[in-house]
Structures are given as structure tokens and as C-alpha cells.
Amino acid sequence: MEKPVVILIFTTVIMSLECLVQSDASTHRYKSGDEVPFYVNKVGPFSNPSETYAYFDLPFCQPDNLEKKKESFGEALNGDRLTFAPYKLEFLVDKDAKVICKKRLTKEEVAQFRTDVALDYYVQMYYDDLPIWVFLGKVEKDGIDDPNEYRYHIYTFYQFEIYYHKDHVIEILVRVDPSFTVDVTNDEEVDVEFLYTVVWKETNTPFEKRMDKYTSSSSLPHHLEIHWFSILNSCVTIFILMSWMGAIYLRVLRKDIYNLAQDEEFSDKQEETGWKSLHGDVFRYPKCKYLLSSALGCGTQMLAVVVVILCLGVLGVFQQYDRGVLPTALVTIYAITSAVAGFSAVSFYHQLEGSNSQRVLLLTGGIFSCPLLLTFFFLNTVAFNYGSTATLPLGTIVVILLLWVLLALPSLVLGAISGKRIRSEFQAPCHTTKCPREVPPQRWYRRVITQMAMAGLLSFAVIYIQLYYIFASVWGHRIYTIYSILFVVFILLLITTALVSIAMTYIQLAAEDHEWWWRSFLCGGSTGLCLFGYSIYYYFSRSDMNGFMQTSFFFGYMACVSYGVFLMLGTVGFRACLLSVRLLYGCIKCE
């Protein structure tokens, strides 16, 4: 038991050190003439955020000694490939028309530049850990109707404007001079000269607030109004659900429970119909209880991961441009919370009088991670064939596998052992009869597909507005930093999922259908299916993403995310229904 604890502490320390190293690079103080860390990172089409390539994959000027920064685990996950820039921007040193290099572009290099300009390629760089973006070139379309006659130009003159406060770098801006371009329209050799200028200006902005400009767009009044409208919309949905359920309780359930709670002679005269007739079958164990237990265990783990990530975000642990901190946290927290999955799955399985806990343990460990790993290896192969920086290096893959073997699996086994030892009896207020009751034929609106669609859409309405901002941040270039609002919306989503699942379960029990176990899980998790449906709509209607690689990354990872949401909200829906059914049948006298 000591080894997993040591591994957990070691991993936490490593993660903390990585965060400190990244933030430490931003707090360097400089003197006049000191060299400030300046890295070129990656290039790629603006519309395809996953399709990125190393800066020097394009025929830019390369220094004599091409030196790469040793990337951290999080930077590798993030697809960063930092290389020392050919530009020299010493602290407080102005430069005027400094030449980087002069070179002659071959026909192949000209064609490559033209293709990339047509695809709106951008260049990303980091100066003292401050991000910089600039487009590679421009396309002249004014007054030209025929696309074949468009003119393509690359920018060759960058103007750096850097703001400082005392001995800190505060802000950096980069502009291009439209009069310094090279025409790459025709496949012919071209002479090109790359230049840059540097101008330093003083500012009163303190170092602690230098990142505010990157996150201020998320806090603009009109954006906040939309976020609060989203929360208000969610609250209205919850209020309607609670009012409906309150009306059902006051008008129907309260009367039934009162009559059934009378003395036995009075109860014997009552004809049992609807949900009241199911007291001998409602707690009959479901089919494939080992699969349900594994799904509940993995769903509980997903819930723990999301809650921890959101709490860290609210506490300000994640900054938008702390390279790789969020991916590192996701991988580490997922590995650690495997203990939660093992404990939840095995303990519930033994409550259902299961005897093959090894099968449940294996299924719990692979029910989500196996599809995720298969998707990852497929996408990594696609990225490798494209030569993209999204390809994870072999060393990073080894680290992930070690985390799985040395942290996730021991945590899973430790949680399973604890769940087996701390197991308790299943709490059922009613005795289960030996012979199962036959389920009567159900009308179309009471079937599982219809109820899943209704439940999924109601819960999806709570997060619909927030999803656009999240997608625009993950699959675009917008910035999302309001974790507090996201946390509130997430809580409202959990409440809505629980209420909708309870309502659908009551409708099912009222129709004398006692097989509610799996249906409550499916109704709760159906929001994940709606999420994947929204991703299809977003890809084709709200984004300009294209190409096989970007399409594979988008739908591959969105399928995994939607599946994780399905397991998480399915667990919430089932747990809420189990509690409500216990309370409902605990209020009546049953033989």
C-alpha cells in the first residue's frame, strides 16, 4: 500500500515542479543587453488548430546552430516544438532593419510558400513566454474575379514592438510591413531577404498583470451577459422540472403513499396498479450487472476528474498560456482517480451479490481507456504520416505508458481491494419475489429511445450556450478562462440530469415497467450523444476545419469526450434514480 502512495506523491511533486519551471521562466529579471529567451514554435493553417508543423519545416532562414529547447511532458502533449529563434531581441536594445539572412528560394520552396499562404498559415512564437502570432503572407484578391489570377506574397519584414516595466518584459507586438513582401505566385526561383526591427517602449503595467490582455476578451460585458443568460436559462429549466415533479408528488404520489401507509386491512382492499404493483420486482438485480458496475465505476472516475479540473481552474492554477499544464494535469489526475473507479465498481458489484470481481476490475480498467488508447494511436499515426508536431515523441508515449502501469493500474487495484473490503449489503426497502413480473407492452413515447432523446435534449439545453465558447477555445483560437461560470453551469447540468432521470424513471414505473436500472443510466448519459451530435453541427456549420488529419482529430477526440460524458452523466442519472426509488418504496408497507 505504501508504493502507490509514494508514486502518487512523486507524480504530484513532478507536476508541481513542471508548473514552477514554466512560471519561473516568466519571472526572470533582465538588465540592458541581456538575451531574453525567444523561441519559434510551430506553423499551421489557421482553420485547422490540430494540424501544426515545426517552424523550420518551412524554408525560413535557419541559424548555423539549430538549437531546440528541451520540451517538458506537458509541452509534448500540447504539440509544442520550441526552437531558438533566429531573431536576437536583447533587453532594451533597439534595432533598425536587421537582416536575418538572404537566400534564393528554389521552385519547390516557392510552391510550398504559395500553398501555405493560400491556406492562411500562421506562425507562433514565444518571447519571454509571451505568445506571438503572425500570418505567413497574404493573397491579393481585390479586383480579381478569377481565382487562378490571385497573387500570393510572403511577409519578409517583421517589426517587433516590446513594452517593459523596470526590469521585466510586459508585452510584445509584432507587425508586418506590407511593402516588404516577396511574390511567390509563379514557380520560379526568387531572391528573398528577411529583416526585422526592434523598438522598446516603457509602460506602467506591472509584471503581475501582463497576461491580462490575453484573457480580458472573455470578461467583456457582452460576453458575460451571454454567460449569465446561459445560467438563467439553466435555472429556468431546473425550475420547470422541479415544478413538474412537485406537482406529481403532491397530486399523485402523496395520495398513493398515504393510502398504502394505512393499516394492513385497509391496504388489502386497495388494488395495486402502476408503480405500487412493482414493489416485488423494482429491486430485482439488472442484467449484465458486471457491465453496469464497471460503467458506474468509470463514470464516477470521470466525475472526479472533471470536478478536480474545474476546482483547479477556479483557483487559478491554469493560465491560458502556461504551456502544457492542463494536459499534464488531465493525464495525472485521470491516473490517480483510477482508485475511485476501482472502488466504485467493485463495491457496487458486490452489493449486487456478484462473485467475479476480477472481470469487473478488468472491464473497469478498459471500458474507457482502451477506446481512448486505440483512438490515440490511430491519430498519432495519422499525425506522423503528415509530419505534424501533433505526433507525440516516443519518450512521451513511454512516459504515458509508465504512468498507466505504475500509477493508474496500482490505483485501480488498490481501489478495488478497498471496495471489496468495505462492501456493504444492498439497501432495498422491499423484498424481491422469486418470479419476475412480466413487463407489459409500452407505447412509443415510453420506450427507451424516446426517453433517451427527451432526457438528453433537456440536459443538453443547459450547456448549449457554453459549448460554443468551449469549442471555439479548444478547436479554435479564442480564449476561455471563466472557470467559475463553467463550474456553475456544470453543477446545474448535474442537477438537471438527476431530475430528468428521476422523472423518466417515474414514468417508466407508472407504466409497470420495473426494468429501470439500465434505462436510468442510458437516459442520464444520453446528453453525451447530443454532445457528439452538436460536434457534427459545429464542424460543418460553425468552423472552417478541413482535411483528413483535422477531421480525424476532431471527430476522434470528440467521440472519446462524448463517451466520457455519457459514462459520467449516466452514473449521475442512475445514482439519483436509485436514491429516489429507495425513498419512494421506503415510504410504503410491502409484504
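Our structure's up above, just so we're on the same page.
Residues numbered from 1 in each chain as written. Predicted model: local features only at pLDDT ≥ 70, side-chain atom pairs only at ≥ 80, totals over all residues. Heavy atoms only, no water.

Chemist: Go over helix 11 (residues 369-386) with me, naming the residues and quoting the values.
Modeler: Its 18 residues place the ends of helix 11 25 Å apart at the C-alpha level, agreeing with the 26 Å of an ideal helix rising 1.5 Å per residue. Considering only its buried residues, helix 11 is in contact with helix 8 (325-336), helix 10 (357-366), helix 12 (394-421) and helix 16 (548-586). Note on helix 11: the residue one or two positions beyond its end, glycine 387, has a positive phi of about 70°. (Helix = DSSP H or I, 4+ residues; strand = E, 2+ residues; numbered from the N terminus. Expected span 1.5 Å × (residues − 1). Contact = heavy atoms within 4.5 Å.)

Chemist: Could you give me a rundown of the sheet that holds strand 7 (residues 137-140), with the residues and numbers involved?
Modeler: Ordered in space as 7-8-11, the three strands form an open sheet in which the pairing is antiparallel. The sheet terminates laterally at strand 7 and strand 11 (181-183), the two strands that pair on one side only. Strand-to-strand twist across the sheet, computed as the mean angle between neighbouring axes with direction ignored, equals 30°. Bridging between strand 8 (residues 151-155) and strand 11 involves three bridges; their strand directions are antiparallel. Looking at strand 11, one finds that isoleucine 154 is bridged to valine 182. Along the sheet, helix 3 (residues 107-118) makes contact with strand 7 and strand 8, crossing strand 8 at roughly 95°. (Pairing = 2+ DSSP bridges. Axes fitted to C-alpha atoms, helices over the stretch in contact; angles between N-to-C directions.)

Chemist: I'd like a rundown of the sheet that holds strand 12 (residues 190-202), residues and numbers included.
Modeler: With mixed pairing, the four strands of this open sheet are ordered in space as 4-12-9-10. In the strand order of this sheet, the two ends are held by strand 4 (95-105) and strand 10 (168-176), each with one partner. For this sheet, the mean inter-axis angle between neighbouring strands, taken without regard to orientation, is 20°. In this sheet, strand 12 lies alongside strand 9 (residues 157-165) in parallel orientation, the contact comprising eight bridges. Its bridge partner being in strand 12, isoleucine 162 is matched across the sheet by tryptophan 200. Docked against the sheet, helix 3 engages strand 4 and strand 12, running at close to 120° with respect to strand 4.

Chemist: Can you explain a nonpolar patch on the surface? Please cite residues and give values.
Modeler: A cluster of nonpolar side chains, contributed by Leu394, Val398, Leu402, Val405, Leu406 and Leu409, occupies part of the molecular surface with about 520 Å² of accessible area. Within the secondary structure, leucine 402 is located in helix 12. Residue classification places leucine 402 among the partly exposed positions, given a relative accessible area of 44%. (Patch = residues over 30% accessible without salt bridge, like charges linked within 9 Å, V, L, I, M, F, W, Y side chains within 5 Å. Areas by Shrake-Rupley, 256 points an atom, 1.4 Å probe, with all protein chains shown as cover. Salt bridge = Lys/Arg side-chain N within 4 Å of Asp/Glu carboxyl O. Buried < 20%, exposed > 50% of the residue type's maximum accessible area, 1.4 Å probe, protein only.)

Chemist: So what's going on with the pairing of strand 9? Residues and values would help.
Modeler: The element strand 9 is extensively covered by neighbouring structure, given that eight of its nine residues are classed as buried. When strand 9 meets strand 10, the two strands line up antiparallel, connected through eight bridges. In the strand pairing of strand 10, glutamine 159 is matched with arginine 175. Hairpin connection from strand 9 to strand 10: two residues lie between these consecutive antiparallel strands, with lysine 166 at a positive phi of about 60°.

Chemist: Talk me through the state of the cysteines; I want residue IDs and the actual numbers.
Modeler: Tallied over the entire structure, the rule returns one disulfide. Between cysteine 61 and cysteine 101 runs a disulfide, and the two sulfur atoms are separated by 1.5 Å. Judged by the torsion about the S-S bond (-60°), the cysteine 61/cysteine 101 disulfide is left-handed. With cysteine 61 in the loop between strand 2 (53-54) and helix 2 (73-77) and cysteine 101 in strand 4, this pair connects stretches of sequence that are 40 residues apart. Cysteine 101 matches cysteine 61 in its accessibility class, with the two residues each being buried. No disulfide involves cysteine 577; its nearest neighbouring cysteine sulfur is the one of cysteine 523, lying 7.8 Å away. (Disulfide = S-S within 2.5 Å.)

Chemist: Break down the side chain of aspartate 80 for me, citing the residues and quoting the values.
Modeler: The residue aspartate 80 is located in the loop between helix 2 and strand 3 (83-84) in this model. A distance of 3.4 Å separates a polar atom in the side chain of aspartate 80 from a polar atom in the side chain of lysine 42. Residue contacts for aspartate 80: discarding those within four places in its chain leaves Asn41, Lys42, Glu71, Glu75, Gln124 and Arg323. (Polar contact = N/O pair within 3.5 Å; in protein donor to acceptor, adjacent residues only side chain to side chain.)

Chemist: Give a detailed account of the pattern of salt bridges, specifying residues and quantitative values.
Modeler: Overall, the coordinates contain 17 salt bridges when judged by the stated rule. Between aspartate 167 and arginine 29 there is a salt bridge, with its nearest N and O atoms 3.2 Å apart. Remark: arginine 29 occurs in the loop between helix 1 (2-24) and strand 1 (38-45) and aspartate 167 occurs in the loop between strand 9 and strand 10; sequence separation between them is 138 residues. On the basis of relative accessibility, which here comes to 58%, the residue arginine 29 falls in the exposed class. Residue arginine 175 is joined to glutamate 161 by a salt bridge in which the shortest nitrogen-to-oxygen separation is 2.9 Å. With a gap of 14 residues between them, arginine 175 in strand 10 and glutamate 161 in strand 9 connect regions that are remote in the sequence. Residue classification places arginine 175 among the partly exposed residues on the basis of a relative accessible area of 40%. Taken together, the shared-partner salt bridges connect Arg104, Glu189 and Asp191 into one network.

Chemist: Now, about helix 10: what can you tell me, with residues and values included?
Modeler: Those residues of helix 10 not exposed but buried are Ser357, Val360, Thr364, Gly365 and Gly366. Here the buried face of helix 10 lies against helix 7 (289-314), helix 9 (338-351), helix 11 and helix 12.

Chemist: Help me get a handle on the nonpolar core, residues and values and all.
Modeler: Counting residues in each nonpolar core, the largest one holds 79 residues, and the members touching the most others are Phe471, Trp516, Phe554, Phe574 and Tyr585. Going through the elements one at a time, helix 5 (221-260), helix 7, helix 8, helix 13 (448-474), helix 14 (483-510), helix 15 (517-542) and helix 16 are the ones with two or more residues in this core. Per-element tally for this core: the top contributor is helix 16, with 16 residues. (Core = buried A, V, L, I, M, F, W, Y, C linked by side-chain atoms within 4.5 Å.)

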